[in-house]
Amino acid sequence: MRALLSSLLLLPVLSSLAAEWRLSEVCPAGFRPEQGRCYLQSLYGEYASLQDSGVGGLKTGLPPLREGFTPQQIDLGRLMFFDPLLSGDGTLACSSCHQPSKGFADGRGLSIGINGQLAHRSAPSLWNVGFLKRLFWDGRASSLEEQMEGPLYSPIEMGNSREHLLKSLNESAAYPPLFKQAFGDSAISLDRIYTAITAFESSLVSLNSRYDLYANGVHEVLNKDEIEGMNVFRSFVARCAECHTPPTFTNQQIAILGTPEPDGHAFDSGVQAVTGDASQRGGFKVPTLRNIEFSAPYMHSGRFETLREAVAFYTGGRGHAVPEGEKLNLHWHIWEPNLTDREIDVLVAFLKTLSDESFMPPLPSAVPSGLRPVVDVKPN
């Protein structure tokens, strides 16, 4: 009886809390409204796409973006992204491994999941993830909706289940009214959850760096060293732009580099574990270089602590880090460019011109579940 009375007394409080949550009716920065939906607005939209025709010049169009979501769907996804309610025990959020202050990565070589378990690889940045057609380091997912099922239901990541996720959101006071604002009725389904989070992640666009100003004609924003580094980056000696193709700075392909694993770690077979194709052993997706200075450490296992270490790897000689006994089909551009220290330094200087967080979303001070939002995580 006492428990029933407590529940009844709590109902007005929960209803009041639910009523306080209103989703944004305004598109995120960088997006224009069109018939109630949000579409990217960028100078790159005025340029022609590469269409697989080569590296191209500085003024090159973007690949297709996942767009056309409503402001309310984007905002609902934002709140869920930071809400620990989405994990199995209420301790982790999507943002635990994709932290805004760390380039939407987490600053670790191997991410930490539920009950302190280590993930198998590092968390990639989410900046410009809406342009990607391959997700995960091994490219095994072809959409953001498919990708998010991995960490949500992995027993070593967020540790949730489909049934428990739906139960948690449906039993909360705030979420059903928020889903009604975003989708027209209060029904909460897995598809709607995935759509909202996809909508938010696709809004994480970074295209306003100093490099972008330069590419669009404002040349005085880069100094002499940075321009020299850009020329090294685009040269047929370093060949960085062959894989890290502007303007997204990834060609979205799989490359076998022969990067070393951290000490004590077994060799990661990469794409081979997904496809079973031995020719793809040690292959991983080419990551974007956008906001790369914020997302250390680098490579699939966080092997390199600094940008300079990562750049220097490519001039160490073809296959120099391949473990003894491994025979890998190294990517054709992995050779011996013999870059000088000066060239490495200016390359790093150029990479830092790709930094742009001007469209950082508002970080919530509270989330609908009432749990503490995961906005940033201090190192242990």
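That block above? That's the structure.
Conventions and cut-offs
- Residues numbered from 1 in each chain as written.
- Predicted model: local features only at pLDDT ≥ 70, side-chain atom pairs only at ≥ 80, totals over all residues.
- Heavy atoms only, no water.
- Helix = DSSP H or I, 4+ residues; strand = E, 2+ residues; numbered from the N terminus.
- Rg over C-alpha atoms; globule rule 2.2 N^0.38 Å.
- Buried < 20%, exposed > 50% of the residue type's maximum accessible area, 1.4 Å probe, protein only.
- Contact = heavy atoms within 4.5 Å.
- Areas by Shrake-Rupley, 256 points an atom, 1.4 Å probe, with all protein chains shown as cover.
- Lys, Arg positive; Asp, Glu negative; His and termini not counted.
- Charge placed at Lys NZ, Arg CZ, Asp CG, Glu CD.
- Salt bridge = Lys/Arg side-chain N within 4 Å of Asp/Glu carboxyl O.
- Axes fitted to C-alpha atoms, helices over the stretch in contact; angles between N-to-C directions.
- Parallel < 35°, antiparallel > 145°, perpendicular 65-115°, else oblique.
- Nonpolar A, V, L, I, M, F, W, Y, C, P; charged D, E, K, R; others polar.
- Polar contact = N/O pair within 3.5 Å; in protein donor to acceptor, adjacent residues only side chain to side chain.
- Core = buried A, V, L, I, M, F, W, Y, C linked by side-chain atoms within 4.5 Å.
- Phe/Tyr/Trp six-rings, centres within 6.5 Å; stacked < 30°, edge-to-face > 60°.
- Lys NZ or Arg CZ within 6 Å of the ring centre and 35° of its normal.

K.L.:
Which parts of the structure should I look at to understand the overall build of the protein chain?
P.N.:
A tally of regular secondary structure across the protein chain gives 13 helices and four strands. The C-alpha radius of gyration computed for the protein chain amounts to 22 Å, which stays within 12% of the reference 21 Å derived for 380 residues, consistent with globular compactness. On the principal axes, the C-alpha backbone points of the protein chain span a range of 80 × 50 × 35 Å. With 380 residues in all, the protein chain has 51% of them scored as buried. In the protein chain, the share of contacts with a sequence separation of at least 24, taken over all contacts with a separation of at least 6, comes to 67%. Summing over all exposed atoms, the protein chain offers an accessible surface of approximately 17800 Å²; the carbon and sulfur share of this is 53%. The average position of the 32 basic charges and that of the 42 acidic charges among the side chains of the protein chain differ by 2 Å.

K.L.:
Is there a simple way to think about the environment of Asp341 in this case?
P.N.:
Structurally, the position occupied by Asp341 is in helix α13 (residues 341-351). Between the C-alpha atoms of Asp341 and Asn208, which are 133 residues apart in sequence, the distance is 29 Å.

K.L.:
Is there a simple way to explain helix α2 (residues 71-81) in this structure?
P.N.:
The periodicity of an α-helix, 3.6 residues per turn, causes residues three or four positions apart to be oriented the same way. With 11 of 11 residues buried, α2 is to be regarded as a mostly interior element. Of all the positions in α2, only Pro71, Gln72, Gln73, Ile74, Asp75, Leu76, Gly77, Arg78, Leu79, Met80 and Phe81 are classed as buried. On the buried face of α2, the contacting elements are β2 (37-40), α3 (94-97), α5 (162-171), α6 (175-183) and α7 (190-202).

K.L.:
Got a minute to help me understand the pattern of salt bridges in this structure?
P.N.:
Here the idea is simple: oppositely charged side chains can pair when their charged atoms come close. One pass over the structure, following the stated rule, counts 17 salt bridges. Of the charged contacts in the structure, one is a salt bridge between Arg162 and Glu149, with a shortest N-O distance of 2.7 Å. With Arg162 in helix α5 and Glu149 in helix α4 (residues 144-153), the pair connects residues that are 13 residues apart, well separated along the chain. In this structure Arg162 comes out as partly exposed when scored by relative accessible area, which is 36%. Residue classification places Glu149 among the partly exposed positions, given a relative accessible area of 27%. With a closest N to O distance of 2.7 Å, Arg192 and Asp185 form a salt bridge.

K.L.:
For this particular structure, what's the right way to read the packing of α4 against α7?
P.N.:
Working note: a packed helix pair is described by the angle between its axes plus the distance between those axes. Direction vectors running N to C along α4 and α7 enclose 105°, while the axes themselves pass 9 Å from each other. Classed by the angle they form, the pair α4 and α7 counts as roughly perpendicular. Packed against α4, whose contacting residues are Leu144, Glu145, Met148, Glu149, Leu152 and Tyr153, the element α7 presents Leu190, Tyr194, Ile197, Thr198, Glu201 and Ser202 at the interface. Considering only residue class, the contact of α4 with α7 consists of seven nonpolar, two polar and three charged.

K.L.:
When you look at α4 in this model, what are you seeing that I'm missing?
P.N.:
Most of α4 sits out of view: seven of its 10 residues are buried. The inward-facing, buried residues of α4 contact α5 and α7.

K.L.:
Which parts of the structure should I look at to understand the side chain of Gln99?
P.N.:
Note that Gln99 resides in the loop between α3 and α4. For Gln99, a relative accessible area of 2% gives the class buried. Here the side chain of Gln99 touches Ser96 through a polar contact of 3.0 Å, landing on its backbone oxygen.

K.L.:
Hey, could you run me through the nonpolar core in this one?
P.N.:
Here is a general trend for soluble globular proteins: nonpolar side chains tend to be buried in one another's company. In this structure, Leu40, Tyr211, Phe233, Phe350 and Leu351 are the most contacted members of the largest nonpolar core, which totals 48 residues. Secondary-structure elements contributing two or more residues to this core are β2, α8 (210-215), α9 (224-234), α10 (240-243), α12 (307-313) and α13. If one sorts the elements of this core by residue count, α13 sits on top with six residues. Contacts of Phe233, omitting those with residues within four sequence positions, involve Arg239, Cys240, Ala241, His244, Phe249, Leu289, Leu347, Phe350 and Leu351. Core analysis: the second largest hydrophobic core is formed by 37 residues, Leu135, Leu169, Tyr194 and Leu204 among them.

K.L.:
Just to check I follow, could you spell out the packing of aromatic side chains for this structure?
P.N.:
In this description, a pair of aromatic rings is defined by centroid distance and the angle of the planes. Across all of its chains, the model carries 14 aromatic pairs by this definition. Seen from their ring centres, Phe81 and Phe200 are 5.1 Å apart, and the 55° between their planes marks the pair as tilted. Of this pair, Phe81 sits in helix α2 while Phe200 is found in helix α7, placing the two residues 119 residues apart along the sequence. The residues Phe81 and Phe200 share a single accessibility class, namely buried. These aromatic residues form a ring-pair network of at least three members: Phe81, Phe82, Phe104, Trp127 and Phe200. If you follow Arg140 out to its NZ or CZ, it ends over the ring of Phe136, 3.6 Å from the centre. Here the guanidinium or amino end of Arg239 rests over the ring plane of Trp335, the centre of that ring lying 5.4 Å away.

K.L.:
Would you mind going over the environment of Glu226 with me for this structure?
P.N.:
Here Glu226 is to be found in helix α9. Once the C-alpha coordinates of Glu226 and Val346 are considered, the two residues, 120 residues apart in sequence, prove to be 6.0 Å apart. Excluding its chain neighbours within four sequence positions, the residues that come into contact with Glu226 are Arg210, Val221, Ala349, Phe350 and Thr353. Here Arg210 takes part through its side chain, which lies 2.8 Å from a polar atom of the side chain of Glu226.

K.L.:
Any chance you could explain the side chain of Thr70 here in plain terms?
P.N.:
Inspection of the secondary structure puts Thr70 in the loop between β2 and α2. If near-sequence neighbours (up to four positions away) are discounted, Thr70 is found in contact with Gly36, Arg37, Cys38 and Ala182.

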